Amino acid sequence: MSLRIYAIAYLIFLYAPIVLLPIFAFNDGSIIAFPLQGFTTQWFGELATTAALHEAVGNSLTIAVVSALLATCLGMCAARAGTMAEFPGKRGITGFIMLPLVLPEIIVAVSLLVVVVRVMGLSLGNWTIILAHTLICTPFCIAILNGAFQNLDRSMEEAAMDLGQSRWGAFRLVTLPLVAPGIVSSLLISFTISLDEFIIAFFLSGNSPTMPVYIWGLLRFPDKLPVVMALGTILVALSILLLTLAEIMRRRGLARAGLKDTGGFL
Amino acid sequence: MTDLITLQGVNKYYGDYHALRQIDLKIRQGEFFSLLGPSGCGKTTLLRTIAGFEETSSGSLHIDGRDMRGVSANHRPTNMVFQSYAIFPHLSVGENVAFGLRKDPRGKAEKARAVERALEMVGLGGYGGRRAHALSGGQRQRVALARALILEPKVLLLDEPLSALDKKMREQMQVELMRLQRQVGITFILVTHDQEEALVMSDRIAVMFEGEIGQLDDPETLYRRPNSKRVASFIGLMNFLRGRVTEVGAQIEVEVAGLGRCAVPAEQAPAGAAPGDMSIGIRPETLAILFEGETTDRRVVRGMVDEVVYYGDMTYYDVRIEGVEKPLTISMKNLIGRPVLDVGTATRVAWDERSLVLLAG
Ligand SMILES: Nc1ncnc2c1ncn2[C@@H]1O[C@H](COP(=O)(O)OP(=O)(O)OP(=O)(O)O)[C@@H](O)[C@H]1O
Ligand SMILES: [Mg+2]
């Protein structure tokens, strides 16, 4: 009984703030407080007309798409090498690749800032954020793709080569379709991670911020708070959608290969 | 019959591990050839070397007169049935079978006919549209066979193709594989650790131990004239006795511990046998228990039943004989009127010089 109360309290603590987002996003009043004032879509309308926001969203989308692609490519190489090949020092190398998973983002941010600005004398921009986001997303991609590649029978590729395909042909015709759900899942998750990442983006953005940094800037103006709530609502909806898609893809991949579920992110 | 595959002095190292040791092997056109040996002896490695999935460390491999050095698996005239069958789960049965025809210039309709023919050959006519991952073990194996045979390879390589099937299915597939091999006339190379399977199916068998070929012969020779103790004990059951060669001539004079002196024909001993200690092998079915009232013109020795194992059609007796180290295993058919003896019964055992095999060591 007490365990159930604890569980419920935990869930409230976890999700109440998120539930508040849509409530106040549609509340007709610029002060975030109960009682609610009535229903409005005014804040969403304001979103649509803010040019600075559009620029920030543009930056964020570009960064998220490019980092997702890069991280997934890297993840694929690492996962394939890690599960299908044997080479000296494999354990150590895999360990180091997975390290950014537990490395505080602020360390990644500061060290990259120092390297780019001080050591290399370059100026910041979207590309610096892409670099850092690729770095933090890659371990997630590897974790997801490792699962996909581990489930793959090694002799599948060999069978394809035995039947006349080149190495690349075997990869393209057999391996790729079999790990495709994993790839989609990896793209979606790294896209999501990059899209709402703040610390790195804050440190490394040039003069044009990403969306989370822009939102943070808005918070200094209390009357803009409902707009932030509206934006947050959209983001939550989008994140849930993407993560659900990612999980569906992962499960479909297992089903396609005729395998049992061995856990995942959701 | 001409030689299709020739291996000369093939060695294979995995790091320091010597997986194949100086393999010399000739496999003939159109034969059913088996690689037999205990787990880890290098059978799969040898098969994969022929298929082109493993490089040799030294030595040469020729298939159909062509040197295979630097020729990758997709350019060799071999096809393989993998132990796991490696059926592509994202493709249908028909697409799996048609996979090897991708680079074939023939038209669509013609390819479809070839696929249907291949499926019919393995007894899966009309299965082309099925999802591959919903098939049973036996059906997967047939798909794998059809997929390999549709390319009309010179050699079909099979790595323990029957080990994943239950006993009934396995026996059925043994017969089907033999029929299929006769029908297509392609050289089959089968890897197995099941000696019975190898004896039943093969024209010739290479018995491997620790990366070497211990003996290469047809099943009957392998069974009746094993050339070493390890081959003799790996294939079927064999009793080993101590013996001493006293004289070598047209016949070989041997003193067999517990059985006495006898003369055996020279072909039952290894070439160049010399006086000295040797092992003597006797198969259980070449010994016989003499039941009450039975007589024989063979040699007879007295013993006592030590163990009885009843199999229905056969009974295996272990019989203790004075002067013989271990009780001799004797298999007897349970013919009408023949009793099953109890442990401790005194009995007579008939044996024959013609069934002795002299082995070094
Ligand atoms: N890729 C590899 N790297 C290192 N050692 C290997 C490799 N492949 C095989 N070996 C070793 O070579 C030896 C022979 O292996 P192989 O698979 O050929 O045996 P096998 O006769 O097919 O055995 P089984 O009946 O168990 O399949 C084994 O000791 C194995 O550990
Ligand atoms: Mg093997």
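The shown structure was predicted, so the numbers you read here are calculated from the model rather than taken from an experiment.

A. Representation of the nonpolar core in the model. Formed by 66 residues in total, the largest nonpolar core has its most connected members in Ile 5, Leu 7, Leu 35, Phe 88 and Ile 189 of chain B. Here this core gets nine residues from one element, more than from any other, and that element is helix H6 (residues 126-150) of chain A.

B. Highlighting the site of ligand 1. All names here are of chain B. Tyr 14, Tyr 17, Ser 39, Gly 40, Cys 41, Gly 42, Lys 43, Thr 44, Thr 45 and Glu 160 make up every residue found near ligand 1. The separation between a nitrogen atom of ligand 1 and a polar side-chain atom of Tyr 14 is 3.4 Å. It is helix H1 (residues 43-51) that contributes the most residues to the shell around ligand 1, three residues altogether. In terms of residue class, the shell around ligand 1 is built from three nonpolar, five polar and two charged.

C. The arrangement of the sheet that holds strand S2 (residues 17-28) of chain B in detail. Residue and element names in this part refer to chain B. Taken together, four strands build an open sheet; the order of strands is S2-S1-S4-S5 and the sheet is antiparallel. Unpaired on one side and paired on the other, S2 and strand S5 (66-67) mark the two borders of the sheet. Looking at chain direction, strand S1 (residues 3-14) and strand S4 (residues 58-63) are connected through five bridges and run antiparallel. Bridged to Leu 7 within S4 is Leu 61. Those strands touched by H1 are S1, S2 and S4, and its axis lies near 60 degrees from that of S2.

D. A look at the confidence of the model for chain B. Scored by pLDDT, chain B comes out at a mean of 91, with 100% of its residues at no less than 70. ipTM for the predicted complex: 0.81, alongside a pTM of 0.81.

E. Summary view of the sheet that holds strand S11 (residues 239-248) of chain B. Residue and element names in this part refer to chain B. Pairing is antiparallel in the open sheet, where five strands are placed in the order S13-S12-S11-S14-S20. One side of each edge strand has no neighbouring strand; the edge strands of this open sheet are strand S13 (260-265) and strand S20 (357-359). Averaged over all adjacent pairs, the angle separating strand axes in this sheet is 40 degrees, with direction ignored. Bridge count for strand S12 (residues 251-256) against S13 is six bridges, and the pairing is antiparallel. Bridge assignment links Glu 253 to a residue of S13, and that residue is Ala 263.

F. Highlighting the interface of chain B and chain A. Contacts between chain B and chain A engage 21 residues on the former and 19 residues on the latter. Interface area for chain B against chain A, summed over the two sides, is near 1800 Å², with a carbon-plus-sulfur share of 62%. Between the two partners, chain B and chain A, sit one salt bridge. Residue Arg 48 of chain B is joined to Glu 158 of chain A by a salt bridge in which the shortest nitrogen-to-oxygen separation is 2.7 Å. Counting every contact that joins chain B to chain A gives eight residue pairs in polar contact (both at pLDDT 80 or more).

Cut-off values and rules
Residues numbered from 1 in each chain as written. Chains lettered and ligands numbered in written order. Predicted model: local features only at pLDDT ≥ 70, side-chain atom pairs only at ≥ 80, totals over all residues. Heavy atoms only, no water. Core = buried A, V, L, I, M, F, W, Y, C linked by side-chain atoms within 4.5 Å. Buried < 20%, exposed > 50% of the residue type's maximum accessible area, 1.4 Å probe, protein only. Helix = DSSP H or I, 4+ residues; strand = E, 2+ residues; numbered from the N terminus. Near = heavy atom within 4 Å. Polar contact = N/O pair within 3.5 Å; in protein donor to acceptor, adjacent residues only side chain to side chain. Nonpolar A, V, L, I, M, F, W, Y, C, P; charged D, E, K, R; others polar. Pairing = 2+ DSSP bridges. Contact = heavy atoms within 4.5 Å. Axes fitted to C-alpha atoms, helices over the stretch in contact; angles between N-to-C directions. pLDDT = per-residue confidence, 0-100. Buried area = accessible area lost by both parts, 1.4 Å probe. Salt bridge = Lys/Arg side-chain N within 4 Å of Asp/Glu carboxyl O.

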